[in-house]
Structures are given as C-alpha cells and as structure tokens.
Amino acid sequence: MDNDASSYRRFLDGDDEGLTLIIKDYKDGLILYLNGYVSNIYVAEEIMEETFFKLAVKKPKFNEKSSFKTWLYTIGRNVAIDYTRHNSKFSMSSIEDMENYLKDETDLESIYIKNERKIIVHKAMSSLKPEYRQVLWLCFFEEFTNEEIAQIMGKTKRQIENLVYRSKQSLKSLLDKEGFQYEKL
C-alpha cells in the first residue's frame, strides 16, 4: 500500500489530516489533467473540488486494484464526464471571460510546468484531439503506466498502446511544423 492509500485509510478512520495530505499532493496535477478534458481552468478547479468532495462525503472504497493516484484520477474523470453531460447544451462564458481563463490557465501552467521544453510541448498538446491530449498527459506528465491509463480512460491496454503511439506521432508532427528541436519524444 502506498502512502496516499494509507493517508486515505487514515481519513476513513477519522483523521482529517489524511485527506488534507491527499489534496495537497494531487490538486494541481488533477486540475491540469481535468483542464485538458473540459478546456476551462475554472471548471477544472470546480471538478477537482467535487472530486475531493466525493472522497470526503461519500468515502468510496479504495480496492487497491490500482495505485491510489490512478483511482483518484478515474474518479476525477468520471466527475468531468458527468459535468460535460449536464452542461453540454450551455455556454456560460463571454469572450472577455475566455481571455481571463486563458491568462489564468497560462499562469497556473507556468507554475506547475517549470522548464521551457515542457511548456512548448504542453502548448502543442492543446492543438491535439482531446483523447490524444489526455493520454499524453497521463503518460508523460503524470507518469501513469499503460495499464493505469487504460483503467482511467476505460480502454484496454492495447488500445492505450495504439493511442499513445498515434498521439506521439501527431504531437511530433505538430512540433516539427513549429521547428521544435527535440532529443526524443
């Protein structure tokens, strides 16, 4: 059992500090992952909060079939899917708000993604299809295994291997067009 699973178990046993540690460890990465899914940093923050709210209130059982991080990101993805289903018919943002969203998103990304290469790659990823962006984010930024990604995305390991390959080829093509110098992708 990893430390995060033990923190969650501590929370379930009545120690609120366990949940605080989990939130501290995962909130930024979860927001950026969810932002890739909903394309709105403010909505991603709300979904992240809803994900942790579900942990705090519903206290789902962690079955340890995967890592704690995989389990948590799967819950976050499911919350994002629910949000997308309920709000797909509504557009609640003005153009001025969108400019603010982009500015805030860039600020958060600059803090979280520290070196220039990752920022360039991240921006190129925003041009990819959402599924490609999602699989690359989970693979390279969150360092999930293909098995864990398959579980999060609800696909087979083989589908993920193919998706990673196609996503990398698509990203490489975009980076080549931009004149990006890379060692290996």
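Everything here concerns the structure above.
Attention in this report is confined to the structure presented alongside it. As the structure is a computational prediction, the values presented were derived from the model and not from experiment.

Right, let's talk about the overall build of the protein chain for a bit. Per the secondary structure count, the protein chain includes nine helices and zero strands. Ordered by position in the sequence, the α and β elements of the protein chain form the string α-α-α-α-α-α-α-α-α. Looking at the 185 residues of the protein chain, the share that counts as buried comes to 41%. Long-range pairs, those at least 24 residues apart, make up 62% of the contacts in the protein chain with a sequence separation of at least 6. Just so you have it, the protein chain exposes about 11100 Å², and 50% of that area is on carbon and sulfur atoms.

Inspection of every chain in the model, using the stated rule, returns ten salt bridges. Ionic pairing is found between Arg10 and Asp15, a salt bridge with its closest N-O pair at 3.0 Å. Look at Arg10 and you get partly exposed, because its relative accessible area is 33%. Assessed through its relative accessible area of 31%, Asp15 is described here as partly exposed. Here Lys172 ties to Asp176 by a salt bridge, and the two come within 3.4 Å at their closest N and O atoms. Highlighted residues: Lys172 and Asp176, both in helix α9 (residues 157-177), separated by four residues, approximately one helical turn. According to the relative accessible area criterion, Lys172 is partly exposed, its value standing at 31%. Residue classification places Asp176 among the partly exposed positions, given a relative accessible area of 39%.

Here we come to the packing of aromatic side chains. Counted by the stated rule, this structure contains ten aromatic pairs. Feature note: the residues Tyr8, Phe11, Tyr26, Phe62, Phe68 and Trp71 constitute an aromatic cluster, connected by ring pairs. In this arrangement the basic side chain of Lys69 is found over the ring face of Phe144, its NZ or CZ atom lying 5.2 Å from the centre. Geometry around Tyr132 places Lys129 over its ring, the cationic atom sitting 4.6 Å from the centre.

Relative to the helices and strands, Leu163 is located in helix α9. In sequence terms Leu163 and Tyr132 are 31 residues apart; their C-alpha atoms lie 6.9 Å from each other. Residue contacts for Leu163: discarding those within four places in its chain leaves Glu131, Tyr132, Val135, Met153 and Lys155.

Quick notes on the rules
- Residues numbered from 1 in each chain as written.
- Predicted model: local features only at pLDDT ≥ 70, side-chain atom pairs only at ≥ 80, totals over all residues.
- Heavy atoms only, no water.
- Helix = DSSP H or I, 4+ residues; strand = E, 2+ residues; numbered from the N terminus.
- Buried < 20%, exposed > 50% of the residue type's maximum accessible area, 1.4 Å probe, protein only.
- Contact = heavy atoms within 4.5 Å.
- Areas by Shrake-Rupley, 256 points an atom, 1.4 Å probe, with all protein chains shown as cover.
- Salt bridge = Lys/Arg side-chain N within 4 Å of Asp/Glu carboxyl O.
- Phe/Tyr/Trp six-rings, centres within 6.5 Å; stacked < 30°, edge-to-face > 60°.
- Lys NZ or Arg CZ within 6 Å of the ring centre and 35° of its normal.

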